[in-house]
Amino acid sequence: MLSYNTVGFFSLTFLALLLLQDVSEAYTTDGNNATIAQEWRSSSIDSSLASSQSLSQYQHHRQPVSFYVMGDTPYKPKESILLINQLKEVYQDKHLSFIFHVGDLMRKSDCREWRYQHASNVLFGKGRTTPTLLSQNVTTTTSYSTGSSGGGVPVLVLPGDNDWLECPNRTFAFGQFKRHLIVENPSMQYIDESHHFSRQAKRVENFVLWKDEILFFGLNMLGRRDGLWKRRYELNIQWFLFQFNKYYNATTTSTTTPTSTAPEQQPQQQNIRLIVIVAHSAAARPVYHFIRKFTVHKNIPVLFLNGNGHVYTMTQEREKFVKIQLDRGGFAPPLKVQVYGDECTNAPTRASNSSSSSNTTNATATIVSLFSGLVCIDRRLMETSTRTKNEG
C-alpha cells in the first residue's frame, strides 16, 4: 500500500471546488486555502493504468455481483408491507451482495423515535411488532434477512431530507437515525474483511466498501441545504478523494513462488472495474459536479444512483458516467443492478457515444445494459403500480 499525505488530501478539497466552473460561486477563499494549489497534482493519476477491458476478459473469473437500491419509502403502512414482501423476494437472488436505501425512510413528519425503529425493523427484518404507524399496526413477523444460501447481506442506509433536515429537531432526528440505522444495524455482521468496509470519522453516514473490483461509495448528499452544507460537501469530497486514491494505488500480494515457501511481494496496480455511488440526491451540485469531472479522466465507468426525485430517469452525463434517479419505493420494487452477469445479453444497450453531454430518458425499457455489458440494470417494474403525486 502506497503512503499518503492525509493532511494534504484533506486540505485540497476547497481548491478542487474552486476549479469547477459550475460551482465556484458557492465558495469563498480564505487564508486556510493558501497552500492547497500544490496538493492538487497528487490526485492526478495516469488514467491508462485503469483502462477498461471488454466484458469477456473478466467475466470468466468473476461471479455475478447483484445489489439492490431503493429510496423514498416506506411512507405509508401499505408501503411497509409491500417493502417487506419485496425484500423477501430480493433475498432469493443467489448473487445478492448488498442492499442500499438512499434515504427518506418516512414522509415529512415529527421524526419521533418510533419512526426510525419502524424503518429499522422493516429494512433489517428484525421480526418485531412496530409501533402504530398512521393509526394502523404494521407487524413484521418473519425474519427475512437471509439469502437463498442461508446467509445474510449488508443493508446500508443513507439519510434523506425527511429523516433529518426536514425534522423539527435536527439534532434529535440525526441521533435517532444514527442509532437505529447505523449503530444498531444487525446486518453489519455480514461485512467481512474482504469488503474493506469503512465509515468516515467526521460523517459516519458516509461509507466505502469493495467487492470484486467494484468500489462502492455511500455519500450524504441531500436535496436541500442547511447552515452547515458547505462543510458537509467539503467532507464528502475529502472522503471520495482519499478513498479513491487509496484503492487506485493499492497493491496486492502474490501467492507463494514454486522455489520458496515464503510469500513474495509483487506490487501490482489495483484494478477498479466500476465505481458505484449511492446518495439521496444529485442536487448537492458541488459534490456531484466534482465527482463527475474528476472521474472523467480516469477511464473508469461510474454509476451514480440517487433518490429524492421519485420518478425514474437515466442520464448519460459522459461516455462512462451514468446517473440513475430511482423510482419512489411505493411506485416500484428496489432497482436491481448486476455486474459481471449475463442477464443483459439480449437487453437494449445504452448508447456510449451520445452527441449530447446530457442524454436523459424516462427509460421505457425495464432492462438495460451499460458499459459494454459490464452492468445490467433491471427496474423489475410491478405489472400494476398506482402512482401518486410527489409526497415529499
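Residues numbered from 1 in each chain as written. Predicted model: local features only at pLDDT ≥ 70, side-chain atom pairs only at ≥ 80, totals over all residues. Heavy atoms only, no water.

Student: What is the right way to look at the overall build of the protein chain in this model?
Tutor: A tally of helices and strands in the protein chain yields 8 helices and 14 strands. When contacts within the protein chain are restricted to residue pairs at least 6 apart in sequence, long-range pairs at least 24 apart make up 73% of them. Accessible surface for the protein chain amounts to roughly 17,000 Å². Of this, 47% is attributable to carbon and sulfur atoms. (Helix = DSSP H or I, 4+ residues; strand = E, 2+ residues; numbered from the N terminus. Contact = heavy atoms within 4.5 Å. Areas by Shrake-Rupley, 256 points an atom, 1.4 Å probe, with all protein chains shown as cover.)

Student: I'm lost on the environment of isoleucine 300 in this one. Help?
Tutor: Relative to the elements of secondary structure, isoleucine 300 occurs in the loop between α8 (285-295) and β8 (302-306). Judged by its relative accessible area of 2%, isoleucine 300 is buried. Sequence separation between isoleucine 300 and isoleucine 272 is 28 residues, and the spatial gap between their C-alpha atoms is 7.1 Å. (Buried < 20%, exposed > 50% of the residue type's maximum accessible area, 1.4 Å probe, protein only.)

Student: Is there a simple way to explain the nonpolar core in this structure?
Tutor: Inside soluble globular proteins, nonpolar side chains tend to come together where they are buried. Of all hydrophobic cores here, the largest spans 32 residues; its most connected members are Phe67, Leu303, Leu305, Ile324, Val375 and Ile377. Residues within four places of isoleucine 324 in sequence aside, it is in contact with Leu303, Phe304, Leu305, Asn306, Tyr312, Thr313, Met314, Leu335 and Ile377. Core analysis: the second largest hydrophobic core is formed by 30 residues, Leu215, Ile237, Ala284 and Val287 among them. (Core = buried A, V, L, I, M, F, W, Y, C linked by side-chain atoms within 4.5 Å.)

Student: Explanation requested: the state of the cysteines in the structure shown.
Tutor: In protein structure, a disulfide is the covalent linkage between the sulfur atoms of two cysteines. Per the counting criterion, the structure on display carries 1 disulfide. Across the disulfide from cysteine 111 sits cysteine 167; the S-S distance is 2.0 Å. With the S-S dihedral at roughly -80°, the linkage between cysteine 111 and cysteine 167 falls on the left-handed side. Placement of cysteine 111 in the loop between β2 (96-101) and α5 (113-124) and of cysteine 167 in the loop between β3 (155-157) and α6 (170-183) is noted, with a sequence separation of 56 residues between them. As far as the burial class goes, cysteine 111 and cysteine 167 line up, both buried. (Disulfide = S-S within 2.5 Å.)

Student: Looking at this structure, I do not really get the environment of phenylalanine 294. What am I missing?
Tutor: Mapped onto the secondary structure, phenylalanine 294 falls in helix α8. Distance in space between the C-alpha atoms of phenylalanine 294 and leucine 241 is 9.2 Å, their sequence separation being 53 residues.

Student: Even after reading the chapter, I still don't get the packing of helix α7 (residues 229-248) against α8, so can you show me in this structure?
Tutor: Each pair of packed helices can be described by the angle between their axes along with the distance between the axes. It is the contact of α7 with α8, at a shortest axis distance of 9 Å, that shows an interaxial angle of 25°. Relative to α8, the element α7 is oriented roughly parallel. When the axes of α7 and α8 are compared, the crossing they make is right-handed. Each of Trp229, Tyr233, Asn236, Ile237, Phe240, Leu241 and Phe244 in α7 lies in contact with α8, whose residues at this interface are Pro286, Val287, Phe290, Ile291, Phe294 and Thr295. Its residues assigned to classes, the contact of α7 with α8 shows 11 nonpolar, 2 polar and no charged. (Axes fitted to C-alpha atoms, helices over the stretch in contact; angles between N-to-C directions. Parallel < 35°, antiparallel > 145°, perpendicular 65-115°, else oblique. Left-handed = near helix turned anticlockwise from the far one by under 90°. Nonpolar A, V, L, I, M, F, W, Y, C, P; charged D, E, K, R; others polar.)

Student: Which parts of the structure should I look at to understand the pairing of strand β6 (residues 214-219)?
Tutor: Burial within β6 is extensive, with 6 of its 6 residues counted as buried. Every second residue of β6 is oriented toward a common face, with Ile214, Phe216 and Gly218 on one face and Leu215, Phe217 and Leu219 on the other, all of them buried. Sheet analysis places strand β5 (residues 207-211) next to β6, joined by 5 bridges and oriented antiparallel. Opposite phenylalanine 207, over in β6, you have glycine 218 as the bridge partner. The turn joining β5 and β6, which pair antiparallel and follow one another in sequence, is formed by 2 residues; a positive phi near 50° is taken by aspartate 212. Taken together, the 6 bridges between β6 and strand β7 (residues 274-279) define a ladder with parallel strand orientation. Bridging across to β7, phenylalanine 216 finds its partner in valine 276. (Pairing = 2+ DSSP bridges.)

Student: Please clarify how the confidence of the model for the protein chain should be interpreted in this entry.
Tutor: Low-pLDDT stretches of the model should not have their predicted coordinates read in fine detail. Taken over all residues, the pLDDT of the protein chain has a mean of 76, while the share at 70 or more is 65%. Across residues 351-358, confidence stays below pLDDT 50; counting only partners more than four residues off in sequence or on other chains, it has 9 contacts. (pLDDT = per-residue confidence, 0-100.)

Student: Looking at this structure, how should I read the side chain of aspartate 327?
Tutor: Inspection of the secondary structure assignment puts aspartate 327 in the loop between β10 (321-325) and β11 (335-339). Looking at aspartate 327, its side chain comes within polar contact range of the side chain of arginine 379, at 2.9 Å. (Polar contact = N/O pair within 3.5 Å; in protein donor to acceptor, adjacent residues only side chain to side chain.)

Student: Just checking my understanding: could you explain α8 for this structure?
Tutor: Counting along an α-helix, one turn takes 3.6 residues, and residues three or four places apart therefore face a common direction. Most of α8 is tucked away, with 9 of its 11 residues classed as buried. Looking at α8, one finds that the buried residues are Pro286, Val287, Tyr288, His289, Phe290, Ile291, Arg292, Phe294 and Thr295.

Student: What exactly am I supposed to notice about the packing of aromatic side chains here?
Tutor: What describes a pair of aromatic rings is the distance from one ring centre to the other and the angle between the planes of the rings. Applying the stated criterion to the full structure yields 19 aromatic pairs. With centroids separated by 5.8 Å and ring planes inclined at 80°, the aromatic side chains of phenylalanine 67 and phenylalanine 100 adopt a geometry described as edge-to-face. Linking phenylalanine 67 in strand β1 (residues 65-70) with phenylalanine 100 in strand β2, this pair joins segments that are 33 residues apart in sequence. The burial state of phenylalanine 67 is the same as that of phenylalanine 100; both residues are buried. Ring geometry for phenylalanine 240 versus phenylalanine 294: centroids 6.1 Å apart, planes at 85°, classification edge-to-face. Of this pair, phenylalanine 240 sits in helix α7 while phenylalanine 294 sits in helix α8, placing them 54 residues apart in sequence. Of the two residues, phenylalanine 240 and phenylalanine 294, neither departs from the other in class, the shared state being buried. One aromatic cluster in this structure is built from Phe67, Phe98, Phe100, Phe197, Phe207 and Phe216. Over the ring of tryptophan 229 we find arginine 225, and its NZ or CZ is 3.8 Å from the ring centre. Seen from the ring of phenylalanine 331, arginine 328 lies directly overhead, with NZ or CZ sitting 4.8 Å from the centre. (Phe/Tyr/Trp six-rings, centres within 6.5 Å; stacked < 30°, edge-to-face > 60°. Lys NZ or Arg CZ within 6 Å of the ring centre and 35° of its normal.)

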